[in-house]
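Overview (structure and organization)
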Amino acid sequence: LAKTTQPISMDSYEGQEVNITCSHNNIATNDYITWYQQFPSQGPRFIIQGYKTKVTNEVASLFIPADRKSSTLSLPRVSLSDTAVYYCLVGDKFGNTGGFKTIFGAGTRLFVKA
Amino acid sequence: EPEVTQTPSHQVTQMGQEVILRCVPISNHLYFYWYRQILGQKVEFLVSFYNNEISEKSEIFDDQFSVERPDGSNFTLKIRSTKLEDSAMYFCASREGGTSHTSYEQYFGPGTRLTVT
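Values in this document were obtained by computation on a predicted structure and should not be read as measured data.

Each value, and the rule that gives it
Residues numbered from 1 in each chain as written. Chains lettered and ligands numbered in written order. Predicted model: local features only at pLDDT ≥ 70, side-chain atom pairs only at ≥ 80, totals over all residues. Heavy atoms only, no water. Salt bridge = Lys/Arg side-chain N within 4 Å of Asp/Glu carboxyl O. Helix = DSSP H or I, 4+ residues; strand = E, 2+ residues; numbered from the N terminus. Buried < 20%, exposed > 50% of the residue type's maximum accessible area, 1.4 Å probe, protein only. Core = buried A, V, L, I, M, F, W, Y, C linked by side-chain atoms within 4.5 Å. Contact = heavy atoms within 4.5 Å.

Some words on the pattern of salt bridges
- Per the stated rule, a full pass over the model turns up 2 salt bridges over all chains.
- The residue D11 of chain A makes a salt bridge to K113 of chain A at a minimum N-O spacing of 3.4 Å. With D11 of chain A in strand β1 (residues 9-13) and K113 of chain A in strand β9 (residues 108-113), this pair connects stretches of sequence that are 102 residues apart.
- According to the relative accessible area criterion, K113 of chain A is partly exposed, its value standing at 35%.
- Across the pair E44 of chain B and R36 of chain B runs a salt bridge, and its minimum N-O distance is 3.0 Å. Residue E44 of chain B shares its accessibility class with R36 of chain B, and that shared class is buried.

What follows is the structure, given as structure tokens:
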């Protein structure tokens, strides 16, 4: 199983770009990288998924270098409401890490200050 | 926008009692999941369910736990004899089948906070 490592917490200010890096040194050839966001007392919410290079949607961008041993979630111009925990998951396209099991790590707590 | 719903939002029960947590997944979804999150800790996978049977379960999901899809719309998690350490937020999630670009997203419900006293 590919294990992920993320910073425990990060601080930022409103309007700044935030980059959260996730290490996954033993990512498998068929693995995708998926990011979820969780606000306090809510369930996780899918943000973005990628396999290689760069993926962008209306919420974030995901940068994946050629060796795929890490990935960076980029949140442009964060606001106070982006304060949340961000989880990096590695598994198949459906988020499964072996079979139909989805494994969340500890995540990164992002604090956005005014 | 369709959403996963869960009831109740908060359940308080005494140790040893049975509880049933209920979820209504998004109607055209085919894969269903239960997770738990102890306060301040990470989200933990419990079980996945597809085609009316368990696909995968974690070591947490022991004989005290069971899941059921009784009527084609509800998806339930039963804990037969609750323990203090079962106190947590329980999240239900569902996912489409198929291979469309949206089929790999899991949609989570708002959770049921279970307090065992």
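Overview of the nonpolar core
- Judged by nonpolar contacts, the single largest core of 22 residues is most densely connected at W34, L46, F61, V67, F75, L77 and Y90 of chain B.
- Where this core is concerned, the elements lending two or more residues are β3 (19-24), β4 (31-37), β5 (44-50), β7 (65-68), β8 (75-79), β9 (88-95) and β11 (112-116) of chain B.
- Beyond its immediate chain neighbours, meaning those up to four positions away, Y90 of chain B contacts Q6, L21, W34, Y35, R36, L46, F65, L77, I79, G111, T112 and L114 of chain B.
- Listed in part, the 20 residues of the second largest apolar core include V18, C22, I48 and L75 of chain A.

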